[in-house]
Each structure stands twice: as C-alpha cells, then as structure tokens.
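What the coordinates show
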Amino acid sequence: MDFCELTTDAIDMNSVARRVVPPECGATVTLDGYARAFTKQKDGSTRETLYLVYEAYDDMALKEMEKLIEISKDKFEISNVGIVHRTGRLEIGETSVVISVAAPHRRAAFEACEWLIKELKRTVPIWKKEVYADGEEWVEGSETP
Amino acid sequence: MPVRVLFFGATADIAGKRDIEVDAAGSKTSRDIFDEVVSRFPRLASHRLLYSVNQQYASGDEIVRDGDELGIFTAVSGG
C-alpha cells in the first residue's frame, strides 16, 4: 500500500516501515528525518535551535506527495512508498518526516528514498521555523520547483 | 465569490493574517493577483516567492476565477 499523511502526533517509524511491505519485496529503506539541534548559518557559524515548528499547506502538500509517489514508482523498480510528515511544534530529536520505500531489491529502494526526500524538500509545501534562544526564523528553501 | 488568497509561514507573518479575499473581476491571471497582493504587502517583495492556484504550482498565466484559491509562500523547507 502507498500512503502519504500529515500528522501533529509523534511518528512511529516502525509502523510506517511495516505498512509499505508487500510479499514480493526483499528490502525496505526508511528515512528517519528529525529535528537537529545545531544548524550551520550562511556565515559559517552554528546556531543552537531550541525547537522547531512545521507548517503545511495541507491540501497541496498531500497532492504534491501523491505526485512524488507516483513519479518515483515510474522511475525506480519499487513496490510501495509511504510518506508521513509531522507538523506543529517538534522538540530536538523528534522525527519530522519518515519515508519508507519497499522494493524487491535494496538498491532501487535506497535510490528512490534519496530521490523522494530531495524532491519533498524542493516541492512539498511545508515550512520549518527554527526557534533559537534569541529569536526565530522561517527557513526558506534553497531550491524551487 | 472572490478569490481566496492563503499565506503560510513567513508570508503569513508578513501579511499578519492567514488569508485574504481579492476581487477577480475581469480576466485576471494568477500573476495579476499575485502582483496585487505583493503591492498590498510590500514586505513580501523582499522574499523569493512561489504561488499556487487551486493547490497546483502556478505558471502565472492561469486565468483566475471567483472561488479559486491562491497560495503565496516562500520556497519550501520541509523534511
């Protein structure tokens, strides 16, 4: 089964990974993306993030995720894809996104998973706000669709 | 029914609201509406902006009709 979801609850990575597995598959590659404490700034210094807030354009984000799943299944020899992205406030270390790709053979699953996160970061309308001890900032992506 | 324009993240902070309504009378393109909104909230112009029509990325040429939904936002940063 393919699926994409947005949730404000903590994401259970194992259950996402299990849901994509069909009998013909031999490998599932799962990306666990989580909130990082230290972020490198444009000037090369690092800044400590206290927590993150993610916001999504829900309807469009789901449509864009569905498109990515469809394209990835044409592009790679994979069977199923599951994507779950969290929104709202996330503490450092909490999972923000899980992408699970099940495939008959692992190589295609690794390649598809890498492609999916790269495209998600470029096209799916979700934004991250980093909150620091002395301020906050909406992060703007470096690539555009 | 006017066009509904939605803001997210940085654009919502700048606009000070999450959505506004814009009159789509005449045959306005998505770029016309976009330009109108940016001139109403000039601080938007200092960001690299993207926009959508009815939850699809816009080219700018779409004719926008009453009841359509436009999204205006900065380059995405999910993941």
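Residues numbered from 1 in each chain as written. Chains lettered and ligands numbered in written order. Predicted model: local features only at pLDDT ≥ 70, side-chain atom pairs only at ≥ 80, totals over all residues.

1. Concerning the overall build of chain B
Going by this rule: The numbering of helices and of strands both runs from the N terminus, where a helix is a DSSP run of H or I of at least 4 residues and a strand a run of E of at least 2. Just to be clear, the radius of gyration here is over C-alpha atoms, and the globule rule we use is 2.2 Å times residues to the power 0.38. By definition, residue pairs are in contact when their C-beta atoms, positioned from the backbone, come within 7 Å.
A count of helices and strands for chain B gives 2 helices and 5 strands. Secondary structure elements of chain B, listed N to C terminal, follow the sequence β-α-β-α-β-β-β. By the compact-globule yardstick of 12 Å for 79 residues, chain B fits well, its C-alpha radius of gyration being 12 Å. Each principal axis of the C-alpha distribution contributes one length, and for chain B these read about 35 × 25 × 20 Å. Pairs at least 24 apart in sequence give 55% of the contacts found in chain B among residues at least 6 apart.

2. Let's talk about the sheet that holds strand β2 (residues 19–22) of chain B
Residues and elements named next belong to chain B. Filter applied, for reference: Strand pairing is assigned whenever DSSP identifies at least 2 bridges connecting the two strands. Structural elements are reduced to axes, namely lines fitted to C-alpha atoms, with helices fitted over the stretch in contact, and the angle between N-to-C directions of any two is expressed from 0 to 180 degrees.
Pairing is mixed in the open sheet, where 5 strands are placed in the order β2-β1-β5-β3-β4. With partners counted over all chains shown, the strands left at the sheet margins are β2 and β4 (56–57), one partner each. Pairing geometry for strand β1 (residues 3–7) and β2, over 4 bridges, is antiparallel. Opposite Val3, over in β2, you have Val22 as the bridge partner. Set on the sheet, helix α2 (residues 30–40) makes contact with β1, β2, β3 (49–53) and β5 (69–74); between it and β5 the angle comes to about 55 degrees.

3. A word on helix α3 (residues 106–123) of chain A
Along an α-helix, residues three or four apart share an orientation, since each turn contains 3.6 residues. Residue and element names in this part refer to chain A. What counts, and what does not: Multiply 1.5 Å by the residue count of a helix minus one, and that product is the helix's expected span. Put simply, a residue is buried when 20 or more other C-beta atoms lie within 10 Å of its own C-beta and exposed when 12 or fewer do; between those, it is partly exposed, and each C-beta is set from the backbone.
When the terminal C-alpha atoms of α3 are compared, their 25 Å separation across 18 residues agrees well with the 26 Å that a helix rising 1.5 Å per residue should span. Those residues of α3 lying buried are Ala108, Ala109, Ala112, Cys113, Leu116, Leu120, Lys121 and Thr123. Packing partners of the buried residues in α3 comprise β2 (27–34), α2 (58–75), β5 (80–86) and β7 (95–103).

4. Regarding the interface of chain B and chain A
You'll often see interface size given as the accessible area lost when the parts meet. Our working rule: Ten residue types, Ala, Val, Leu, Ile, Met, Phe, Trp, Tyr, Cys and Pro, are classed as nonpolar, four, Asp, Glu, Lys and Arg, as charged, and the remainder, Gly among them, as polar.
Contacts between the two partners involve 18 residues from chain B and, on the opposite side, 25 residues from chain A. Looking at the side of chain B that touches chain A, the elements that each hand over two or more residues are α1 (9–15), β3 and β5 of chain B. Sort the elements by how many residues they give to the side of chain B that touches chain A and β5 of chain B lands first, with 3 residues. Taken together, the residues that form the side of chain B that touches chain A break down as 8 nonpolar, 9 polar and 1 charged.

5. Examining unusual backbone geometry
All names here are of chain B. The phi dihedral of Asn54 falls on the positive side, at around 50 degrees, and the residue is not glycine. Topologically, Asn54 is positioned in the loop between β3 and β4. Although it is not a glycine, Gln55 sits at a positive phi angle of roughly 65 degrees. Within the fold, Gln55 resides in the loop between β3 and β4.

6. Concerning the environment of Gly9 of chain B
In this fold, Gly9 of chain B is placed in helix α1. For Gly9 of chain B, a count of 24 C-beta atoms within 10 Å translates into the label buried. Taking the C-alpha atoms as reference points, Gly9 of chain B and Phe73 of chain B, separated by 64 residues in sequence, lie 7.4 Å from one another. If sequence neighbours within four positions are ignored, Gly9 of chain B has contacts with Glu55, Trp127, Lys129 and Trp138 of chain A together with Phe73 and Thr74 of chain B.

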